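One-letter residues, chain by chain:
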Amino acid sequence: MKRKLVFLAIVVTLLISVTALAACTTSMEDYYADLQKQAEEVNADLKAVFTETAKYDYTTSFDITHYYYNGATRGDENTPGWKDGDDGYTWMYEDAYLEIVKKGDVITTTATIYLPVKEADYDNSDIPPVAYASAKGSVNGGGELSVEWVKFGAADGEGAEASLDELDVTVGDYDMSALLTLWYDMLTVYSDISDSYADITAATSGFKIYQDIAQVAYRYVYDLDGNKYDSWHDPEGDKLTSLPEGSTLMSVGYNTDIAYNWNVISALRHERISVTSNTKDRMKSLEFFVEDIMVYYDEISVMNDDLTLYADVCGNTDFVAKIEITED
């Protein structure tokens, strides 16, 4: 009799567990609806912080760093991609130092770009600058930035000057002109993210240990020509559990079960912005992080030299800006 009772209890427990699991399963429609709601809440928080902080004068300075592998290529069905480090390919750092001063409607940015170096040499304090420039931007009533170049040069240690067009060095996706407007561009893009809801993969906001935080993450997916797909998920693929043979769909599934079709994808890009503020909505910090993932051919294993497609991180770019408000 005891064995029957134990067996019955186990059956009941399993039924309850399965029922609870089914009840907690989020449908595709509910998942995207909830993500939209979270994104709207974060958008409201970001608007409040950027609007309030714009009322004050402040300063910030930070390094923006691009960490990347210099031998990452796709290859093809007959040629491996990602190159072997023994051939001189290695992880590299590119770095720029930015100083931003906001006074009223004027934002002045000074940028210094440093020589790209191998990962092993990045901690060397003697890395020389290769270019510098300053720009003064005035924001008009319509929110547009009018830029006045203040100074620029090759920063070769001798103070040699060069025209801005000759400063062709970059840090990741940013040339000197882009670095000089980077801060203003961040304020413009992330003060209202409603136009980019389709790219958002996660959004959180709320009170965390004496400060408010608003964080939003994006994903961008690129086709074989390097063009961005309309969204990080394929609406047609959401209806499937697996890819049909020879499918041209970009993905199947949704949420954590999403799977990509690497045959029609060249790269993924993950982007995240985190903004902290005090209880009065004045910004304390802004952190920006980008992770680049590329798709490439490589051998299946050391025992099988047939080539297949893999996806791996080939670089990232990030900075953390701490805001010092100079006027209460």
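Cut-offs applied
- Residues numbered from 1 in each chain as written.
- Predicted model: local features only at pLDDT ≥ 70, side-chain atom pairs only at ≥ 80, totals over all residues.
- Heavy atoms only, no water.
- Patch = residues over 30% accessible without salt bridge, like charges linked within 9 Å, V, L, I, M, F, W, Y side chains within 5 Å.
- Areas by Shrake-Rupley, 256 points an atom, 1.4 Å probe, with all protein chains shown as cover.
- Salt bridge = Lys/Arg side-chain N within 4 Å of Asp/Glu carboxyl O.
- Lys, Arg positive; Asp, Glu negative; His and termini not counted.
- Charge placed at Lys NZ, Arg CZ, Asp CG, Glu CD.
- Helix = DSSP H or I, 4+ residues; strand = E, 2+ residues; numbered from the N terminus.
- Buried < 20%, exposed > 50% of the residue type's maximum accessible area, 1.4 Å probe, protein only.
- Polar contact = N/O pair within 3.5 Å; in protein donor to acceptor, adjacent residues only side chain to side chain.
- Contact = heavy atoms within 4.5 Å.
- Core = buried A, V, L, I, M, F, W, Y, C linked by side-chain atoms within 4.5 Å.
- Pairing = 2+ DSSP bridges.

K.L.:
Please set out a negative patch on the surface residue by residue, giving values where relevant.
P.N.:
Taken together, the side chains of Glu29, Asp30, Asp34, Glu40, Glu41 and Asp45 make up a negatively charged region of the molecular surface. Mapped onto the secondary structure, Asp34 falls in helix α2 (residues 28–53). With a relative accessible area of 40%, Asp34 lands in the partly exposed category.

K.L.:
Summarise the side chain of Ser247; cite the residues concerned and give the values.
P.N.:
If you trace the backbone, Ser247 turns up in the loop between β9 (212–222) and β10 (251–252). Note on Ser247: relative accessible area 14%, which makes it buried. In this structure the side chain of Ser247 is engaged in a polar contact, spanning 3.0 Å, whose partner is the backbone nitrogen of Leu249. Non-local contacts of Ser247, meaning those with residues more than four positions away in its chain, are made with Asn261 and Val264.

K.L.:
Give a description of the nonpolar core that names residues and reports values.
P.N.:
Counting 62 residues, the largest nonpolar core has Leu98, Trp183, Ile193, Ile200, Leu286 and Phe319 as its most contacted members. If near-sequence neighbours (up to four positions away) are discounted, Trp183 is found in contact with Tyr58, Phe62, Ile100, Ile107, Leu286, Phe319, Ala321 and Ile323. Core analysis: the next-biggest nonpolar cluster, separate from the first, contains 5 residues, Tyr69, Met294, Tyr296 and Cys314 among them.

K.L.:
Before we move on, could you go through the pairing of strand β3 (residues 106–118) and cite the residues and values that matter?
P.N.:
The pairing of strand β2 (residues 91–103) with β3 spans 11 bridges and is classified as antiparallel. Looking at the pairing, Lys103 lines up with Val106 of β3.

K.L.:
Help me get a handle on unusual backbone geometry, residues and values and all.
P.N.:
Look at Asn255: it is not a glycine, yet its phi comes out positive at around 55 degrees. Take Asn255: it is sitting in the loop between β10 and β11 (259–260). Exposure remark for Asn255: the relative accessible area of 33% places this residue in the partly exposed category. Although it is not a glycine, Asp281 sits at a positive phi angle of roughly 70 degrees. Take Asp281: it is sitting in the loop between β12 (267–277) and β13 (283–301). Classification of Asp281 by relative accessible area gives partly exposed; the value is 28%.

K.L.:
Give me the side chain of Thr317: which residues, what numbers.
P.N.:
Tracing the sequence through the fold places Thr317 in strand β14 (residues 304–322). The contact partners of Thr317, leaving out residues within four places of it in the chain, are Ile64, Thr65, His66, Tyr174, Phe288, Phe289 and Val290.

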